[in-house]
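# Architecture at a glance
One letter stands for each residue in the lines below.
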Amino acid sequence: MLIDASNSALLVVDIQGKLVPAVSGWQALLDHVIWLIRVARRLEIPVLACEQYPQGLGPTHPAVAAELPAGCVASKLHFSAVAGACHGLDQPGGHAQYVVCGMETHVCVLQTVMELLATGKQVFVVEEGVGSRRDSDKALALARMRDAGAGIVSREMVAFEWLRRADSEVFREVSKNFLR
């Protein structure tokens, strides 16, 4: 199945300031997440975000927060955004597909993805858009999510599937500004 721009949302999981520096390759992770948010916003794809226990882990990293639409961040205490009832993910309805990025891959991302899959959603995890403190934890989580039915994708796969066609002004703009 391809990612459908008219039926998907980008879900940004727990990119929080106090934890970011502990994540392996954190600067590249931030760059990839910001890129995804910018492409999604340009293509008018809904962007949702959550924060795990912000009183302890702090708010969303300022570089990411600056790119998010106003009012799109929900707080949670559960590791899963579904169990945490963020953005109504625990309710029937919503988007059929979710493109997921964030951290940590083996904790909050994994539990959110597994519960989205259990509710019948199609889930696509952006490989370079997720991170953990240890690369081995990230690799194990990606394998487990793939085995459970999540698509493991690259950020360019997401952009090209959202775009679908090369014969539009939007494609030319995204190609010029994001696909270099």
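Residues numbered from 1 in each chain as written. Predicted model: local features only at pLDDT ≥ 70, side-chain atom pairs only at ≥ 80, totals over all residues. Heavy atoms only, no water.

We describe a pair of aromatic rings using the distance from one ring centre to the other and the angle between the two ring planes. For the coordinates displayed, the defined rule picks out two aromatic pairs. Seen in terms of ring centroids, F160 and F171 are 6.3 Å apart; in terms of plane orientation they differ by 45°. Their pairing is tilted. Here F171 lies in helix α7 (residues 169–178) and F160 lies in helix α6 (residues 155–163), a separation of eleven residues in the sequence. The exposure class of F160 is partly exposed, given its relative accessible area of 39%. Under the relative-accessibility criterion, F171 is labelled buried at 16%. Of note, R155 hangs over the ring of W35, and the distance from its end group to the ring centre comes to 4.2 Å. (Phe/Tyr/Trp six-rings, centres within 6.5 Å; stacked < 30°, edge-to-face > 60°. Helix = DSSP H or I, 4+ residues; strand = E, 2+ residues; numbered from the N terminus. Buried < 20%, exposed > 50% of the residue type's maximum accessible area, 1.4 Å probe, protein only. Lys NZ or Arg CZ within 6 Å of the ring centre and 35° of its normal.)

When you line up the elements, S8 lands in strand β1 (residues 8–13). Residue classification places S8 among the buried positions, given a relative accessible area of 1%. Engagement of the side chain of S8 in a polar contact is seen with the backbone oxygen of D4, the distance being 3.0 Å. A polar atom in the side chain of S8 sits 2.9 Å from the side chain of W162. For S8, the residues in contact, after removing those within four places along its chain, are I3, I45, P46, H95, Q97 and W162. (Polar contact = N/O pair within 3.5 Å; in protein donor to acceptor, adjacent residues only side chain to side chain. Contact = heavy atoms within 4.5 Å.)

The residue E104 is located in the loop between β4 (97–103) and α4 (105–118) in this model. Looking at E104, its side chain comes within polar contact range of the main-chain nitrogen of R133, at 2.8 Å. Sequence-distant contacts of E104, defined by excluding residues within four places in its chain, comprise L19, V109, L110, G131, S132 and R133.

Looking now at the pattern of salt bridges. Enumeration according to the criterion identifies eight salt bridges in this entry. Of the charged contacts, one joins R38 and E67 as a salt bridge, the two residues approaching to 2.8 Å between their closest N and O atoms. Remark: E67 occurs in the loop between α3 (62–65) and β3 (73–76) and R38 occurs in helix α1 (residues 26–42); sequence separation between them is 29 residues. E67 sits in the buried class, given a relative accessible area of 18%. Salt-bridge contacts for K138 lead to E127; the nearest nitrogen and oxygen are separated by 3.4 Å. Taken together, the residues K138 in helix α5 (residues 135–148) and E127 in strand β5 (residues 122–131) connect sequence positions eleven residues apart. (Salt bridge = Lys/Arg side-chain N within 4 Å of Asp/Glu carboxyl O.)

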